[in-house]
Amino acid sequence: MIVTLIVLCEAGFWVLLAAGLALRYVAGKPRLGAAVLLCEPLLEVVLLVVTAVDLRNGAEPGLRHGLAAVYIGFTVGLGRSTVTWVDARVAHRFAGGPPPVRPPKYGTARAAHEWRTAARWILAAVTALALLQAAAWYVGDDAATAPLRMWQEKMLWVIGVNLLIAGGYTLFPRREPAERTGTGR
């Protein structure tokens with residue numbers, strides 16, 4: 001049931017996003033569109049409550065409970081940026097908005113962009129880690145929480161990989177090709 005609910009939450013996210021943007025740009029009702037978009041976090045609240053109730057009713061903590069925590073974490077960390085990304089493209093395509101801003105390709109501007117991206121992913125992973133730890137404490141049985149600990153390890157990997165990527169762009173910034181800067185020979 002938890003996995004089905006996760007799938008429904010993901011589908012619900014995209015349905016609410018499409019409905020909110022359609023109301024905003026097609027129907028010309030930006031406030032109603034924003035209200036629909038603000039309903040999206042309710043999906044995660046429902047998922048959190050159902051997962052907690054499932055654990056309270058004696059369900060063995062499993063991969064599905066960890067996946068629910070990870071899904072909620074990633075929605076917290078990446079949901080807003082996803083909505084903003086899609087909104088910019090829909091506004092440009094259907095409402096005459098400006099073209100979406102492309103991320104910088106070179107130098108410190110690219111490094112700063114990578115650190116902002118890493119911060120969102122790290123927020124997602126830390127949120128998931130906190131929810132997983134809360135679930136482990138809620139269950140209380142160390143032997144039964146192995147699947148939750150496995151998800152925590154994966155979230156630590158997510159943090160590490162994002163730090164490596166952002167650090168790599170900081171320590172080894174991509175340089176603009178010489179022919180583009182006008183300093184070619």
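Caption draft 1: Region of the structure containing the confidence of the model for the protein chain. Averaged over all residues, the pLDDT of the protein chain is 92; the fraction at 70 or higher stands at 97%. Averaged over each element, pLDDT in the protein chain is lowest for helix α7 (residues 178-181) (71) and highest for helix α6 (residues 146-171) (97).

Caption draft 2: Region of the structure containing the layout of surface pockets. Of the voids in this model, the largest pocket is the one considered here, and its volume is about 500 Å³. What lines the largest pocket is a set of 17 residues, among which Trp 85, Arg 89, Val 101, His 113 and Arg 120 lie closest to the centre. The set of elements that each furnish at least two residues to the lining of the largest pocket consists of α4 (63-95) and α5 (107-139). A per-class count over the lining of the largest pocket returns nine nonpolar, four polar and four charged. Put simply, the second largest pocket is a space of about 370 Å³. If you trace the second largest pocket, you find 17 residues lining it, with Leu 37, Leu 38, Gly 79, Arg 80 and Val 83 closest to the centre. Looking at the lining of the second largest pocket, the elements that each hand over two or more residues are α1 (2-26), α2 (30-38), α3 (40-56) and α4. In terms of residue count, the dominant contributor to the lining of the second largest pocket is α4 (seven residues). Grouping the amino acids of the lining of the second largest pocket by side-chain chemistry returns nine nonpolar, three polar and five charged.

Caption draft 3: Examining the packing of α1 against α2 more closely. Here α1 crosses α2 at 170°, and the two axes come no closer than 7 Å. Accordingly, the angle class assigned to the pair α1 and α2 is roughly antiparallel. Here Leu 16, Leu 17, Ala 19, Gly 20, Leu 23 and Arg 24 of α1 lie close against α2, whose contacting residues are Pro 30, Leu 32, Gly 33, Ala 34, Val 36 and Leu 37. Its residues assigned to classes, the contact of α1 with α2 shows nine nonpolar, two polar and one charged.

Caption draft 4: Summary view of the packing of aromatic side chains. Per the counting criterion, the structure on display carries two aromatic pairs. Ring geometry for Phe 13 and Trp 14: centres 5.0 Å apart, planes at 90°, overall edge-to-face. What makes Phe 13 buried here is its relative accessible area of 6%. Summarising the aromatic geometry, the rings of Phe 74 and Trp 121 are spaced 5.3 Å apart at their centres and angled 85° between planes, so their arrangement reads as edge-to-face. Taken together, the residues Phe 74 in helix α4 and Trp 121 in helix α5 connect sequence positions 47 residues apart.

Caption draft 5: View of the pattern of salt bridges. Counting across every chain of the model gives two salt bridges. One salt bridge in this structure joins Asp 87 and Arg 24, with 3.2 Å as the shortest N-O distance. In this pair, Asp 87 is assigned in helix α4 and Arg 24 in helix α1, connecting sequence segments 63 residues apart. When its relative accessible area of 17% is taken as the criterion, Asp 87 is described as buried. You can call Arg 24 partly exposed: its relative accessible area is 22%.

Conventions we followed
- All residue numbers here refer to positions counted from 1 along the written sequence of the relevant chain.
- Given that the model is predicted, a residue must reach a pLDDT of at least 70 before its local features are reported, and side-chain atom pairs must reach 80 or more before they are shown or counted; all residues, however, enter totals for whole chains, interfaces and linings.
- Side-chain metrics rest on all non-hydrogen atoms present in the structure, leaving aside hydrogens and water.
- The pLDDT score gives, residue by residue, the confidence of the prediction method on a 0 to 100 scale.
- Numbering goes from the N terminus for both helices and strands, where a helix is a DSSP run of H or I of at least four residues and a strand is a run of E of at least two.
- Of the grid points, spaced at 1 Å and generated over the protein atoms alone, those admitting a 1.4 Å probe that cannot get out make up cavities, while open sets with protein on both sides within 12 Å along at least five of seven lines make up pockets; any residue with an atom within 4 Å of a point is treated as lining.
- Grid points are joined across faces, edges and corners, and a volume is the space filled by probe spheres set on the points.
- In this classification, the charged set is Asp, Glu, Lys and Arg, the nonpolar set is Ala, Val, Leu, Ile, Met, Phe, Trp, Tyr, Cys and Pro, and all remaining amino acids, among them Gly, are polar.
- Every axis in this analysis is a line fitted to C-alpha atoms, fitted for helices over the stretch in contact. Angles between the N-to-C directions lie between 0 and 180 degrees.
- For classification purposes, an angle smaller than 35 degrees is called roughly parallel, one larger than 145 roughly antiparallel, one from 65 to 115 roughly perpendicular, and anything else oblique.
- Residue contacts are defined here by distance: any two heavy atoms, one from each residue, within 4.5 Å place the two residues in contact.
- Each pair of aromatic rings taken from Phe, Tyr and Trp, with Trp reduced to its six-membered ring, is defined by centres within 6.5 Å and is described as stacked if the planes are under 30 degrees apart, edge-to-face if over 60, and tilted in the remaining cases.
- To sort residues, take the accessible area from a 1.4 Å probe on protein chains only and compare it with the maximum for the residue type: under 20% means buried, over 50% means exposed, and anything in between is partly exposed.
- Salt bridge, as used here, is a side-chain nitrogen of Lys or Arg placed within 4 Å of a carboxyl oxygen of Asp or Glu.

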